[in-house]
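Inside the fold
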Amino acid sequence: MQIELSVKKKLFTATGEFSFKADLNIGSGEIVAFFGPSGVGKTTMLRIIAGLTDADEGFVKVGGQTWFDSKDGINLPARKRKVGFVFQDYALFPNMSVRENLRFAQPRVDKKHIDELLEIFGLSNLQHRKPAVLSGGQNQRVALARALARKPELLLLDEPLSALDLEMRSTLQDEILHIHRLWGITTILVSHDLPEVFKLCNRVITFKDGRVTDDRNPYEIFARNKTSGKLQFVAEVLKVEKEDVVNILTLLIGNSPVKIAVCSNHQESFLPGDKALIISKAFNPIIQKLNSKEKEEGGN
Amino acid sequence: MTLQTLASDYLAHPAIGLTLRVTLLALVLQLLTGLPLGLYLAGKKSPLKSILEIIAALPMIFPPMALGFFLLLFLGKNGVIGHLLLKIFDLKIIFTSWGVLAAVYIVGLPFMVKSVQAARRQMDHSLIEAAATLGKTRGETLLKVILPNIKNGIVAGLLLAFGRSVGEVGISLMLGGNIIGRTETLSLAIYNAVFEGEFMRAAIFSVILSAIAIIVLLVLNAVSKNRISGLSIKDI
């Protein structure tokens with residue numbers, strides 16, 4: 001579903017009051033990131049779309065239908081907006097089992113769809129357990145499956161993976177991509193994690209001080225300095241060790257830590273936690289197939 | 001004392017029937033009124049809520065004798081409410097078992113309201129937002145999400161309310177009149193027995209009253225699946 005919106009809202013945060021303003025147009029089937037530091041209004045934006053927070057003025061249109069319009073006094077209640085919302089803290093119903101959480105999300109019970117979702121997220125064996133006995137990653141899967149159970153027109157993910165360890169995060173990112181390929185639901189992801197945005201999204205909308213400051217595809221943002229490199233990776237600096245004339249950087253690319261030596265007089269100094277772009281020029285890559293996509297998709 | 005006299009003088013004593021009838025009926029009324037009131041008061045603050053909150057908490061902190069006296073004025077046949085009830089329903093409250101019911105209901109209600117209010121406030125608000133994004137109405141959310149998740153608070157409220165109601169003396173004395181055979185509750189029966197110097201009688205009534213309180217406590221606790229720690233039958 002296509003989203004068109006233009007909203008204004010006064011926000012009260014720890015740093016004071018500021019006004020938030022955004023005009024956006026998100027195409028049907030896109031997977032978009034709302035990117036930026038905490039407290040800039042990314043989550044508020046998502047909540048405005050879902051109807052959990054009211055904008056002060058403006059409009060929200062989804063698939064040609066007006067969900068909110070301050071001029072005409074239209075404000076569709078959250079329950080009538082067909083969104084799948086994944087909360088940062090999961091917000092699973094503790095009194096219901098995994099399966100009941102999914103069933104509760106459906107207006108009419110669609111057993112087949114529930115079974116399919118449980119299968120996709122590897123939850124079939126856990127379906128009768130309560131959320132309290134599941135791990136963070138498992139709970140996040142339940143939250144995703146529940147958000148999809150009512151077959152939403154939009155999937156809104158509010159920093160869904162921020163509480164998980166790197167490996168679990170990567171697995172779930174793959175699952176989100178798989179879901180997106182499968183159903184093509186327009187998806188918005190709030191995130192402040194660069195590699196995640198890089199991996200999942202084809203468009204990054206950057207927020208700063210209550211405004212959209214950048215709206216591009218992730219490659220353009222990360223490869224700001226034009227390079228002729230053919231292979232590029234976004235990495236996170238884990239460790240910096242000084243050794244004589246060189247610094248040894250331990251970098252995390254995807255799930256693999258890699259050690260790279262850089263000159264200690266390199267003009268940019270790196271600190272653990274920094275994001276880095278690795279470009280390799282003279283390179284003779286060997287490509288091996290790990291799994292066959294065609295077979296996987298042919299089965300669906 | 002033979003078993004027969006124990007049975008006829010004590011176990012069949014009208015005070016037991018009255019206490020059971022009145023406290024259990026009050027418990028039902030406390031649930032029916034305290035639950036919605038507690039849920040309402042847990043919402044966003046407003047002037048009306050602040051006033052209601054003070055009124056609801058009043059019986060908890062107000063001296064029972066003074067409260068009993070004011071209620072006597074209100075509910076008596078010349079009082080505002082008492083006069084209306086007498087005129088419309090031909091219902092006499094003072095010195096009848098209705099008076100005792102009013103007394104035990106009023107003293108226990110704040111515990112129910114406060115427990116529900118606290119449980120609702122502690123509940124994760126995102127659960128309600130999640131239910132809304134899943135297309136659920138407020139009614140469905142109340143039944144399937146809110147009530148199951150504050151169940152422990154409801155049970156704790158009922159326990160506290162019952163505990164307070166079953167031990168109530170001051171206001172039931174004022175409103176009920178402590179009339180032997182009619183408005184004498186078990187608590188009052190103990191008081192009367194001690195007053196007359198019959199310590200054995202007071203001891204037996206005390207044991208019966210304690211037994212009732214413990215049974216109700218265990219039953220309520222068994223109803224709540226997610227038990228209050230330390231109070232479960234399994235723990236005993």
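Look up a bit, the structure's there.
Read on for a plain summary of the structure. Only a predicted model underlies this, so the values are computations on that prediction, with no experimental measurement involved.

Looking at the overall build of chain A
Helices and strands together make up the secondary structure of chain A, namely eight helices and 15 strands. Taken over C-alpha atoms, the radius of gyration comes to 21 Å for chain A, in line with the 19 Å a tight globule of 300 residues would show. The C-alpha extent of chain A, read off along each of the three principal axes, is 65 × 45 × 35 Å. Burial status across chain A gives 47% buried among its 300 residues. Sequence-distant contacts in chain A: of pairs separated by 6 or more residues, those separated by 24 or more amount to 64%. When the accessible surface of chain A is totalled, it reaches about 15900 Å², and 49% of it is carbon and sulfur.

Some thoughts on the pairing of strand E14 (residues 256–263) of chain A
Residue and element names in this part refer to chain A. In the sheet, strand E13 (residues 246–253) pairs with E14 via eight bridges, with the strands oriented antiparallel. When the sheet's bridge partners are listed, leucine 249 is paired in E14 with isoleucine 260. Hairpin connection from E13 to E14: two residues lie between these consecutive antiparallel strands, with glycine 254 at a positive phi of about 65 degrees.

Points about empty space enclosed by the protein
Residues and elements named next belong to chain B. By the definition in use, this model includes one cavity of 30 Å³ or more. By volume, the largest cavity is sized at about 40 Å³. In this structure, the largest cavity is lined by Thr19, Val22, Thr23, Val104, Ser165, Val166, Glu168 and Thr185. Of all the secondary-structure elements, those providing two or more residues to the lining of the largest cavity are helix H2 (14–41) and helix H9 (151–166). No other element matches H2, which puts three residues into the lining of the largest cavity. Residues of the lining of the largest cavity, tallied by class, amount to three nonpolar, four polar and one charged.

Each value, and the rule that gives it
- Residues numbered from 1 in each chain as written.
- Chains lettered and ligands numbered in written order.
- Predicted model: local features only at pLDDT ≥ 70, side-chain atom pairs only at ≥ 80, totals over all residues.
- Heavy atoms only, no water.
- Helix = DSSP H or I, 4+ residues; strand = E, 2+ residues; numbered from the N terminus.
- Rg over C-alpha atoms; globule rule 2.2 N^0.38 Å.
- Buried < 20%, exposed > 50% of the residue type's maximum accessible area, 1.4 Å probe, protein only.
- Contact = heavy atoms within 4.5 Å.
- Areas by Shrake-Rupley, 256 points an atom, 1.4 Å probe, with all protein chains shown as cover.
- Pairing = 2+ DSSP bridges.
- 1 Å grid on protein atoms, 1.4 Å probe; cavity = no way out; pocket = protein on both sides within 12 Å on 5 of 7 lines; lining within 4 Å.
- Points joined across faces, edges and corners; volume = space filled by probe spheres on them.
- Nonpolar A, V, L, I, M, F, W, Y, C, P; charged D, E, K, R; others polar.

What is shown is where atoms sit, not what they do.
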